[in-house]
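# Secondary and tertiary structure notes
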Amino acid sequence: MRILVLGGDGFCGWPTVLHLATRGHTVAIVDNLIRRQWDIELGTHSITPIAPITERIATWQALTGQAIPFYDGDLQDYDFVSKVFREFQPESIVHFAEQRSAPYSMIDRAHAVFTQVNNIVGTLNVLYAIREFTPDAHLVKLGTMGEYGTPNIDIEEGYLEIEHNGRRDVMIYPKNPPSFYHLSKVHDSHNIFFACRIWGLRATDLNQGIVYNVVTDECERDARLWNRYDYDGVFGTALNRFCAEAVSGYPLTVHGKGGQTRGFIDIRDTVRCIELAALNPAEPGEMRVYNQFTEQWSVLQLAELVQRVAREMGMAVEMSHVENPRVEREEHYYQAKHTKLIDLGLEPHLLTDETIRVLLEKAAAHRDRINTADFPALVRWK
Ligand code: NAD
Ligand code: USQ
């Protein structure tokens with residue numbers, strides 16, 4: 001298939017590009033490289049050194065003979081987006097290109113506004129470009145499990161059958177997201193649903209859980225293909241961050257009680273889910289929703305796992321229950337469905353001690369690049 005990967009220089013996007021190319025698809029990347037700028041703004045960087053995008057692509061071409069066209073530009077610029085769609089004529093558009101950090105969106109008014117404008121306007125431009133240039137193409141859009149929040153009932157995959165005053169209907173599952181970032185995904189979902197309904201577009205909204213691990217077969221083929229490994233208090237996420245803290249001798253930062261339960265997925269499964277969704281497109285007029293995660297964990301359970309594995313490797317690891325900078329439930333019911341990608345053929349990589357060991361070793365190999373001053377999560381919700 002001809003697959004356009006928006007955000008193909010990012011943490012999920014880059015390994016997906018290489019996975020799709022390896023599987024024989026014709027892939028192009030769109031990215032304005034703003035994620036690399038946010039590191040500069042925050043004074044931090046990936047634990048793994050990451051090559052510039054041109055070097056990444058040249059390395060891949062040297063190893064495989066496959067060319068990956070790169071379009072450098074902003075999805076907020078419709079002239080740019082139009083040019084890309086006219087030229088590349090994608091059959092499938094995989095859309096990762098958004099500001100994805102909840103803490104970044106909560107820094108202040110300007111960061112909240114930027115996050116929502118960037119994400120919502122970018123996605124609207126993509127919807128218009130599909131309608132104008134490739135109306136039969138399938139949009140595979142990255143949403144988030146956070147759209148649902150933590151309701152006291154089971155979470156379905158996107159829709160809920162409701163009986164009210166004796167009548168029945170199927171409606172979009174109620175949303176209660178925990179940050180202005182997560183809210184931008186809710187707004188995207190509504191816009192996509194509307195575009196499918198009125199224009200007959202096809203879309204799959206992938207409500208992804210927290211992605212852990214950084215290693216895929218393709219990224220490990222050459223140091224210039226390595227994936228990014230975020231660990232700082234703004235872009236670092238639960239399990240990966242705990243591994244970076246463990247190798248630095250920094251007490252694992254469990255927010256509050258640590259009973260916050262979320263869906264998690266290995267990056268090796270993210271890339272496979274994307275291909276499965278692309279190969280099995282939605283019908284015209286349909287917005288499918290898949291919950292893209294493979295296991296539920298509480299953050300305390302994950303911290304305990306990392307602590308045990310790191311101790312077995314001889315590291316002295318402590319844990320601290322730091323004051324929670326976010327407004328969120330620390331003890332709650334959580335039971336989310338996630339069968340639709342399995343039905344399409346996903347065989348999950350469930351979390352093992354070995355995966356944690358690999359992450360710990362990867363962080364330890366670049367310990368000199370970890371600045372412990374970047375660990376505290378300083379952005380407060382209130
Ligand atoms: P990332 O920040 O590493 O990658 C996003 C990429 O998009 C970056 O390379 C960035 O430069 C680019 N980008 C952002 N805005 C753009 C714009 N306006 N125009 C062009 N390029 C732009 O993020 P990630 O971790 O790879 O996440 C990818 C997607 O998956 C996001 O939409 C995110 O919300 C979603 N997601 C991520 C996770 C996770 O744990 N990382 C979990 C669930 C969902
Ligand atoms: N947490 C800790 N300690 C830490 C970091 C986080 O206890 O050091 C807690 C947070 O308070 C929260 C949970 O872990 O309760 C998850 O936080 P996170 O930073 O790992 O992930 P989150 O902010 O939810 O965002 C990440 C990605 C985002 C994606 C989301 C999927 O950055 O792009 O949408 O995961 S989900 O959580 O399912 O919404």
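Residues numbered from 1 in each chain as written. Chains lettered and ligands numbered in written order. Predicted model: local features only at pLDDT ≥ 70, side-chain atom pairs only at ≥ 80, totals over all residues. Heavy atoms only, no water.

## Digging into the overall build of the chain
For clarity, the threshold we go by: Secondary structure counts use DSSP, requiring at least four H or I residues in a row for a helix and at least two E residues in a row for a strand, with both numbered from the N terminus. Each radius of gyration reported is based on C-alpha atoms, and the globular scaling rule is 2.2 Å times the count of residues to the power 0.38. With a 1.4 Å probe rolled over the protein chains alone, any residue whose accessible area is under 20% of its type maximum counts as buried; one over 50% counts as exposed, and the rest are partly exposed. Any two residues having at least one pair of non-hydrogen atoms within 4.5 Å are treated as being in contact. Note that accessible areas follow from Shrake-Rupley with a 1.4 Å probe, and for residues the cover is restricted to the protein chains shown. When charges are counted, Lys and Arg are positive and Asp and Glu negative, with His and the chain ends excluded. Taken as the charge centre is NZ of Lys, CZ of Arg, CG of Asp or CD of Glu, depending on the residue.
Of the regular secondary structure elements, the chain holds 12 helices and 14 strands. The globule rule puts the C-alpha radius of gyration for 382 residues at 21 Å, and the 20 Å found for the chain is close to it. On the principal axes, the C-alpha backbone points of the chain span a range of 65 × 55 × 40 Å. Within the chain, the fraction of its 382 residues that count as buried is 57%. Nonlocal contacts in the chain, meaning residues at least 24 apart in sequence, comprise 81% of its contacts between residues at least 6 apart. Split by element, the accessible area of the chain, about 15,700 Å² in all, is 51% carbon and sulfur. Seen as two clouds, the 38 positive and the 51 negative side-chain charges of the chain have centres 1 Å apart.

## Observations regarding the pattern of salt bridges
Rule in force here: Counted as salt bridges are all cases of a side-chain nitrogen of Lys or Arg within 4 Å of a carboxyl oxygen of Asp or Glu.
Applying the stated rule across the entire model yields 29 salt bridges. Notably, a salt bridge pairs Glu323 with Arg380, separated by 2.9 Å at the nearest N-O pair. Of this pair, Glu323 sits in the loop between β14 (319–322) and α11 (340–343) while Arg380 sits in the segment after α12 (353–365), and the two are 57 residues apart along the sequence. The exposure class of Glu323 is exposed, given its relative accessible area of 62%. For Arg380, a relative accessible area of 45% corresponds to the partly exposed category. Linked through salt bridges whose partners overlap, the residues forming this network are Arg35, Asp39, Arg100, Arg228 and Asp230.

## Details of the site of ligand 2
Going by this rule: The rule for a residue being near a molecule or strand is that one of its heavy atoms must lie within 4 Å of it. Polar contacts, as used here, are pairs of N or O atoms within 3.5 Å; protein pairs need one atom able to donate a hydrogen and one able to accept it. Residues neighboring in sequence count only if both atoms are side-chain atoms. Throughout, the ten residues Ala, Val, Leu, Ile, Met, Phe, Trp, Tyr, Cys and Pro are labelled nonpolar, Asp, Glu, Lys and Arg are labelled charged, and all others, Gly among them, are labelled polar.
Close to ligand 2 lie 23 residues; Thr144, Tyr181, Ala238, Thr253 and Glu328 are nearest. Residue His182 places a side-chain N or O atom 3.1 Å away from an oxygen atom belonging to ligand 2. Isolated, ligand 2 exposes 730 Å² of accessible area, and the fraction of that covered by the protein chains is 95%. Counting only elements with at least two residues in the shell around ligand 2, the list comes to α7 (180–199), α8 (238–248) and β10 (252–255). Looking at the shell around ligand 2, its residues break down into eight nonpolar, 10 polar and five charged.

## A short note on the side chain of Asp39
Counting through the fold element by element, Asp39 comes out in helix α2 (residues 34–42). Among residues more than four places away in sequence, those in contact with Asp39 are Thr44, His45, Ser46 and Arg228.

## Quick word on the pairing of strand β12 (residues 287–292)
Rule in force here: Whether two strands pair depends on DSSP finding at least two bridges between them.
The buried fraction of β12 is high, at six of six residues. Covered by surrounding structure in β12 are Met287, Val289 and Asn291 together with Arg288, Tyr290 and Gln292, the residues of both alternating faces. Note that strand β8 (residues 202–208) and β12 share six bridges and pair parallel. From the neighbouring strand, Asn207 faces β12, where its bridge partner is Asn291.

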